[in-house]
Every structure is written in structure tokens, then in C-alpha cells.
Amino acid sequence: MSKLHIKKGDTVYVNAGEDKGKTGRVLSVLVKEQRAIVEGINMVSKSTKPNAKNPQGGIVKKEAPIHISNLNPLDPKTGKPTRIGRKKNEAGVSVRYSKKSGEEIK
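Residues numbered from 1 in each chain as written. Predicted model: local features only at pLDDT ≥ 70, side-chain atom pairs only at ≥ 80, totals over all residues. Heavy atoms only, no water.

A. Local environment of the packing of aromatic side chains. Tallying each qualifying case throughout the model produces 0 aromatic pairs. Between Lys-87 and the ring centre of Tyr-97, over which it is positioned, the NZ or CZ distance is 4.6 Å. (Phe/Tyr/Trp six-rings, centres within 6.5 Å; stacked < 30°, edge-to-face > 60°. Lys NZ or Arg CZ within 6 Å of the ring centre and 35° of its normal.)

B. Structural view of the domain arrangement of the protein chain. When its domains are assigned, the protein chain resolves into domain 1 (1–73) and domain 2 (75–105). Taking only C-alpha atoms into account, the centre of domain 1 sits 24 Å from that of domain 2. At the junction of the two partners, domain 1 supplies 9 residues and domain 2 supplies 7 residues. For the domain 1 and domain 2 pair, buried surface summed over both sides reaches about 660 Å², with 53% attributable to carbon and sulfur atoms. Put simply, Asp-10 and Arg-96 hold a salt bridge, and the shortest N to O gap is 2.9 Å. Classifying every residue of the side of domain 1 that touches domain 2 gives 4 nonpolar, 2 polar and 3 charged. (Domains from an automatic or database assignment. Contact = heavy atoms within 4.5 Å. Buried area = accessible area lost by both parts, 1.4 Å probe. Salt bridge = Lys/Arg side-chain N within 4 Å of Asp/Glu carboxyl O. Nonpolar A, V, L, I, M, F, W, Y, C, P; charged D, E, K, R; others polar.)

C. The arrangement of the nonpolar core in detail. Membership of the largest hydrophobic core is limited to 11 residues, which are Leu-4, Ile-6, Val-12, Val-14, Val-26, Ala-36, Val-38, Ile-41, Ile-66, Ile-68 and Leu-71. Mapped onto this core, the elements with two or more residues apiece are β1 (11–14) and β3 (35–38). Each residue touching Ile-41, except ones within four places of it in the same chain, is listed here: Val-14, Asp-19, Lys-22, Thr-23, Glu-63, Ala-64 and Ile-66. (Core = buried A, V, L, I, M, F, W, Y, C linked by side-chain atoms within 4.5 Å. Buried < 20%, exposed > 50% of the residue type's maximum accessible area, 1.4 Å probe, protein only. Helix = DSSP H or I, 4+ residues; strand = E, 2+ residues; numbered from the N terminus.)

D. The arrangement of the pairing of β1 in detail. Burial along β1 is one-sided: the residues Val-12 and Val-14 are buried and none of Thr-11 and Tyr-13 is. For β1 and strand β2 (residues 23–30), the ladder comprises 3 bridges, and the chain directions are antiparallel. Across the sheet, residue Tyr-13 finds its bridge partner in β2, namely Thr-23. (Pairing = 2+ DSSP bridges.)

E. Structural context of the pattern of salt bridges. Taken as a whole, this structure holds 5 salt bridges when the rule is applied. Close ionic contact of Asp-19 with Lys-22 constitutes a salt bridge, the shortest N to O distance being 3.1 Å. For Asp-19, a relative accessible area of 11% puts it in the buried group.

F. Molecular detail of the side chain of Thr-82. Among the structural elements, Thr-82 can be located in the loop between β7 (71–73) and β8 (84–88). A relative accessible area of 2% means that Thr-82 is categorised as buried. Looking at Thr-82, its side chain comes within polar contact range of the side chain of Ser-98, at 3.2 Å. A polar side-chain atom of Thr-82 sits 3.4 Å from the main-chain amide nitrogen of Lys-99. Apart from the residues within four sequence positions on either side, Thr-82 is in contact with Asn-72, Pro-73, Leu-74, Asp-75, Ser-98, Lys-99 and Lys-100. (Polar contact = N/O pair within 3.5 Å; in protein donor to acceptor, adjacent residues only side chain to side chain.)

Written out as C-alpha cells, the structure is:
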């Protein structure tokens with residue numbers, strides 16, 4: 001399986017779906033399913049039973065996974081969505097860089 005262009009902690013732009021045009025921070029990446037959970041994106045209502053954490057139970061809003069093909073990382077220089085390339089830096093370590101500006105993505 002190839003490496004994904006998105007990592008935990010990246011700020012991403014949503015290309016498609018109900019939340020198209022929004023941006024958010026990646027909370028986790030589900031590699032096998034090729035999906036990511038993004039803060040404030042793809043919110044769903046989930047019914048919960050009463051428990052110690054939530055004694056009342058009821059309906060809870062929570063983020064659902066979104067396919068990574070619908071996400072683009074933001075360019076660190078311009079703040080606009082960009083594609084990702086990979087190259088080796090001076091130390092010989094593979095790094096991700098923005099195709100738009102050529103800036104390295106941390």
C-alpha cells in the first residue's frame with residue numbers, strides 16, 4: 001500500500017461533500033480504510049445510552065471519517081489547498097512538499 005498524503009495534525013481543505021470549502025485539523029487517519037477524521041467536518045448525530053461519562057444519555061454530535069481523496073493539505077506559504085510531492089532533503093530524509101510553492105510541509 002502506498003503512503004498517504006495526509007497525516008495527523010495537518011490542516012486540510014475539503015474538496016467534496018456536504019462540507020465542501022471548509023478547513024479543519026486532522027485528528028486521526030484510518031490507513032486501512034483510507035479515511036481521516038477531521039475536526040468539525042462531517043458531523044453526525046449519534047444516540048448514546050446513559051453511562052458514567054454521560055448520565056443522561058441522548059444524542060451526541062461527533063465527527064465521522066471522510067475519504068482522504070476528498071481532502072487536500074493547505075500550502076504553508078499561501079494557505080490555499082495544494083497537492084503533495086515527496087523528495088529527500090539535505091539529511092537524506094524523505095519529506096513532503098507543496099507542489100504550488102515548493103515549501104516543505106512539517
